[in-house]
Amino acid sequence: MASSILSDCSSSATSRLLPLRRALLAQPCRFLPTTVPAPPRRPLAIAAAQLPLLPRARGMASASAAAAAASSTDSDACAKIIDGKLVAKQIREEIAVEIAKMKDVIGVVPGLAVILVGSRKDSQTYVRNKKKACEAVGIKSYEVNLPEDSSEDEVLKHIATFNSDPSVHGILVQLPLPHHMNDENILNAVSIEKDVDGFHPLNIGRLAMQGRDPFFVPCTPKGCMELLHRYGVEIKGKRAVVIGRSNIVGMPAALLLQKANATVSIVHSNTKKPEEITRQADIVIAAVGVANLVRGSWIKPGAAIIDVGINPVDDPESPRGYRLVGDVCYEEASKIAGLITPVPGGVGPMTIAMLLSNTLESAKRIHKFK
Ligand SMILES: Nc1nc2c(c(=O)[nH]1)N[C@@H](CN(C=O)c1ccc(C(=O)N[C@@H](CCC(=O)O)C(=O)O)cc1)CN2
């Protein structure tokens with residue numbers, strides 16, 4: 001069910017926050033997408049530890065440089081829009097080329113197995129989209145659909161079968177699982193070499209350790225980092241704030257930023273004065289699942305804002321009866337930030353692109369293909 005938070009970001013959850021920067025907010029922010037260049041292509045980062053070593057976007061040494069480039073045709077203070085849909089498309093094209101090469105040289109195509117339990121509409125859509133994305137780049141997909149009341153053992157049985165199938169290089173169990181199932185038991189059963197979601201505890205442990213690399217970087221946080229890199233946002237030595245500490249996004253995102261040599265703070269439900277901490281950040285990753293929580297007044301001018309939230313909000317004018325908004329109040333934040341991801345069309349499309357990347361990476365590792 002969609003929540004009833006108003007489109008002007010004036011929800012009760014945020015009413016206690018600091019007043020807005022009215023001078024900045026008075027001007028409407030006009031976006032001129034046609035004047036903003038597409039992000040430059042570069043090879044996809046594979047291991048988390050490699051991320052800071054990769055070449056930066058041409059001519060953009062920092063978030064503020066990128067922002068300056070974006071706003072050069074517009075006197076209003078408008079953030080550059082980080083186009084996740086476009087970057088995801090570029091990445092899918094790069095992956096398709098690599099897969100064709102792999103098939104030519106060693107006659108192997110990557111395989112991805114997806115297990116869906118239950119009939120949640122959103123999960124069904126994500127699984128369908130994953131399957132379509134696999135087909136488009138040349139990954140063979142395998143799908144298991146189980147009823148809501150399946151037992152944990154049934155899921156474990158399918159995982160075991162895929163673990164020992166050499167044509168399957170990646171396995172994922174779509175989340176959330178039904179309440180009667182123990183996520184940990186199920187995620188632990190996926191072979192760490194095929195855990196393309198990167199949710200296995202050993203994988204997260206390796207992500208957290210200095211001098212170790214995970215087998216796979218979880219897809220959504222990997223997508224956030226990829227967007228920062230492709231838009232030339234400097235991370236080393238910068239202050240970063242991650243809002244939210246989930247196992248799937250917030251916590252791994254904070255670990256990745258730290259691996260990339262940012263100074264990282266995590267803001268969570270017990271944090272005092274979250275707005276003050278967030279306002280110090282050059283980079284903000286918001287992944288808390290509260291519509292429009294982060295207001296313009298939380299943001300340091302010129303900061304890079306990555307909004308992971310996908311929150312349905314009632315909207316009788318939309319064909320679906322709701323629309324999606326992020327954790328960040330876009331109207332306000334886009335007038336203050338240097339760069340910002342929209343919702344939809346920001347981080348969301350990157351999640352599936354990164355899943356394809358992890359699946360290819362797995363097949364390459366298993367078959368020792370460079
Ligand atoms: N096993 C996993 N389960 C879940 C994951 C995951 O990474 N692994 N992440 C999410 C769901 N998810 C992929 O599974 C996902 C979410 C959102 C999008 C996306 O492209 N969103 C669009 C908007 C879509 C819409 O209009 O409804 C966007 O933000 O632009 C892709 C994948 C939870 N479960």
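The rules behind each value
- Residues numbered from 1 in each chain as written.
- Predicted model: local features only at pLDDT ≥ 70, side-chain atom pairs only at ≥ 80, totals over all residues.
- Pairing = 2+ DSSP bridges.
- Helix = DSSP H or I, 4+ residues; strand = E, 2+ residues; numbered from the N terminus.
- Contact = placed C-beta atoms within 7 Å.
- Axes fitted to C-alpha atoms, helices over the stretch in contact; angles between N-to-C directions.
- Near = placed C-beta within 6 Å.
- Nonpolar A, V, L, I, M, F, W, Y, C, P; charged D, E, K, R; others polar.
- Domains from an automatic or database assignment.
- Core = buried A, V, L, I, M, F, W, Y, C linked by C-beta atoms within 7 Å.
- Buried ≥ 20, exposed ≤ 12 C-beta atoms within 10 Å, placed from the backbone.
- Parallel < 35°, antiparallel > 145°, perpendicular 65-115°, else oblique.
- Left-handed = near helix turned anticlockwise from the far one by under 90°.
- UniProt positions renumbered as here; feature names shortened; annotations may be inferred.

Peer 1: What exactly am I supposed to notice about the sheet that holds strand S6 (residues 263-267) here?
Peer 2: The strands making up a sheet are joined through hydrogen bonds of the backbone, oriented either antiparallel or parallel. What the six strands build is an open sheet, ordered S1-S11-S8-S7-S5-S6; its pairing is parallel. At either margin of the open sheet sits one strand with a lone partner, and together these are strand S1 (80-81) and S6. Of the pairings in the sheet, the one linking strand S5 (residues 239-243) to S6 comprises five bridges and is parallel in character. Within S6, the position partnered with Ile243 by the bridge is Val267. Contacts between helix H8 (residues 219-230) and the sheet are confined to strand S7 (283-286) and strand S8 (304-307), with S8 contributing the most and set at about 150 degrees to the helix.

Peer 1: How do you make sense of the site of the ligand when you look at a structure like this?
Peer 2: Close contacts around the ligand come from 17 residues, with Tyr126, Leu175, Pro344, Gly348 and Thr351 the closest. When contributions to the shell around the ligand are tallied by element, the ones reaching two or more residues are strand S4 (170-173), H8 and helix H12 (348-366). Ranked by residue count, the leading element in the shell around the ligand is H12, at four residues. When grouped by side-chain class, the residues that make up the shell around the ligand number eleven nonpolar, five polar and one charged. Shared between two domains, the shell around the ligand takes at least three residues from each, and those domains are domain 1 (12-87 + 217-348) and domain 2 (110-214).

Peer 1: Help me out: how do you make sense of the nonpolar core in this one?
Peer 2: A general feature of soluble globular proteins is that nonpolar side chains tend to end up buried together. Leu257, Ile283, Val284 and Ile305 are the most contacted members of the largest nonpolar core, which has 92 residues in total. For this core, the element with the most residues is H12, which contributes eight residues. In terms of domain composition, this core takes at least three residues from each of domain 1 (12-87 + 217-348) and domain 2 (110-214). Residue contacts for Ile305: discarding those within four places in its chain leaves Val284, Ile299, Val328, Ala333, Ala337, Leu339, Ile340 and Thr341.

Peer 1: What is the right way to read the domain arrangement of the chain from this model?
Peer 2: A common measure of how large an interface is: the accessible area buried when the components associate. Taken domain by domain, the chain holds domain 1 (12-87 + 217-348) and domain 2 (110-214). Considered class by class, the residues forming the side of domain 1 that touches domain 2 number nine nonpolar, no polar and no charged.

Peer 1: Hey, could you run me through the packing of helix H3 (residues 84-106) against H12 in this one?
Peer 2: Describing two packed helices takes the angle between their axes plus the distance from one axis to the other. Here H3 crosses H12 at 20 degrees, and the two axes come no closer than 8 Å. Viewed along their axes, H3 and H12 adopt a mutual orientation that is roughly parallel. In the packing of H3 onto H12, the handedness of the crossing is left-handed. Facing Gly84, Lys85, Val87, Ala88, Ile91, Arg92, Ile95, Glu98, Ile99 and Met102 of H3, the residues of H12 in contact are Gly348, Pro349, Met350, Ala353, Leu356, Ser357, Leu360 and Ala363.

Peer 1: For this particular structure, what's the right way to read the UniProt feature "domain: Tetrahydrofolate dehydrogenase/cyclohydrolase NAD(P)-binding" (unreviewed entry) in the chain?
Peer 2: UniProt marks residues 218-365 with the feature "domain: Tetrahydrofolate dehydrogenase/cyclohydrolase NAD(P)-binding" (unreviewed entry), using the numbering shown here. Annotation note: span residues 218-365, helix share 33%, strand share 19%, distance between end C-alpha atoms 17 Å.

Peer 1: Hey, could you run me through the environment of Ile266 in this one?
Peer 2: Within the secondary structure, Ile266 sits in strand S6. Residue classification places Ile266 among the partly exposed positions, given that 18 C-beta atoms sit within 10 Å. Considered as a pair, Ile266 and Gly211 are 55 residues apart in the sequence and their alpha carbons are 22 Å apart. When sequence neighbours within four positions are dropped, the list of residues in contact with Ile266 reads Val242, Arg245, Gly250 and Ala254.

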